[in-house]
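Coordinate analysis (summary)
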Amino acid sequence: MTYKPDKHHRRSIRLKGYDYAQAGAYFVTICTQGRVCWFGEVVDGQTRLNLAGQTIITMWQQWISMWSCPTICTASCGLNP
């Protein structure tokens with residue numbers, strides 16, 4: 001694909017002047033295409049994960065234990081259906 005600056009332009013959402021190499025809290029959000037609820041459902045205000053959602057949580061926990069790093073702390077993980 002050829003780069004066309006008049007068509008392919010993205011604005012940076014990074015804060016100007018902020019040093020992203022410094023210690024701090026960062027959040028990662030990943031959405032499914034069309035925001036489809038692939039991982040469970042919300043019933044009476046409570047998240048009920050299906051097998052796919054439970055698998056993601058399990059894999060996240062395993063990944064954290066495998067790749068422990070003294071400079072990275074994962075305070076929490078949340079999964080919305």
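Going by the structure above, here's the rest.
Please read all numbers here as calculations on a predicted model, not as lab measurements. Each chain carries its own residue numbering, running from 1 in the direction its sequence is written. Only residues with pLDDT of at least 70 get local features here, since the model is predicted, and only at 80 or more are side-chain atom pairs given and counted; chain-wide, interface and lining totals rely on the full set of residues. In computing side-chain values, all of the structure's heavy atoms are included and hydrogens and water are not.

**Considering the overall build of the protein**
- Strands here mean DSSP runs of E at least two residues long; helices mean DSSP runs of H or I at least four residues long; both are numbered from the N terminus. The number of helices and strands found in the protein is one helix and two strands.
- Put simply, the protein runs from its N terminus to its C terminus through helices and strands in the order β-β-α.
- For the radius of gyration, the atom set is restricted to C-alpha positions; the globular benchmark scales as 2.2 Å times the number of residues to the power 0.38. In terms of overall dimensions, the protein is more spread out than a globule: its C-alpha atoms have a radius of gyration of 18 Å, far above the 12 Å expected for 81 residues.
- For every residue, the accessible area (1.4 Å probe, protein chains only) is compared with the maximum for its type, and the residue is labelled buried under 20%, exposed over 50%, or partly exposed between those bounds. A burial count over the protein gives 6% of its 81 residues as buried.
- Once local pairs closer than 6 in sequence are excluded, the contacts in the protein between residues at least 24 apart make up 32%.
- In this charge count, Lys and Arg are treated as positive and Asp and Glu as negative; neither His nor the chain ends contribute. Taken as the charge location is NZ of Lys, CZ of Arg, CG of Asp or CD of Glu. Measuring between centres, the 8 positive side-chain charges of the protein sit 11 Å from its 4 negative side-chain charges. We call two residues contacting when some pair of their heavy atoms lies within 4.5 Å.

**Some points on the pairing of strand β1 (residues 40–43)**
- Here β1 runs beside strand β2 (residues 46–49); their pairing, made up of four bridges, is antiparallel. Along β2, the bridge assignment pairs Val42 with Thr47.
- Here, a strand pair is defined by DSSP locating no fewer than two bridges between the strands. Hairpin connection, β1 to β2: the antiparallel pair is bridged by two residues, and Asp44 has positive phi, about 50 degrees.

**Some words on the packing of aromatic side chains**
- Ring pairs shown here join Phe, Tyr and Trp side chains whose ring centres sit within 6.5 Å, with only the six-membered ring taken for Trp; geometry is labelled stacked below 30 degrees between planes, edge-to-face above 60, and tilted in between. Under the definition given, this model contains two aromatic pairs.
- Positioned above the aromatic ring of Tyr20 is the side chain of Arg14, whose terminal nitrogen or guanidinium carbon lies 4.5 Å from the ring centre. Put simply, a charge is over a ring when the Lys NZ or the Arg CZ is close to the ring centre, within 6 Å, and near the line of the ring normal, within 35 degrees.

**Structural notes on unusual backbone geometry**
- Of note, the phi angle at Arg35 is positive, near 55 degrees, even though the residue is not glycine.
- With respect to the secondary-structure elements, Arg35 resides in the segment before β1.
- Its identity is not glycine, yet Asp44 carries a phi of approximately 50 degrees, on the positive side.
- Note on placement: Asp44 falls in the loop between β1 and β2.
- Given a relative accessible area of 74%, Asp44 falls into the exposed group.

**Examining helix α1 (residues 51–66)**
- A helix's residues, less one, multiplied by 1.5 Å, set its expected span. Under the 1.5 Å per step criterion, the end-to-end length of α1 is 22 Å for 16 residues, consistent within 8% with the ideal 22 Å.
- Capping the start of α1, Asn50 holds a side-chain oxygen 3.1 Å from the backbone nitrogen of Ala52, two or three residues further along. In protein, a polar contact requires one atom able to donate a hydrogen and another able to accept it; more generally it is a pair of N or O atoms within 3.5 Å, and residues adjacent in sequence count only if both atoms are side-chain atoms.

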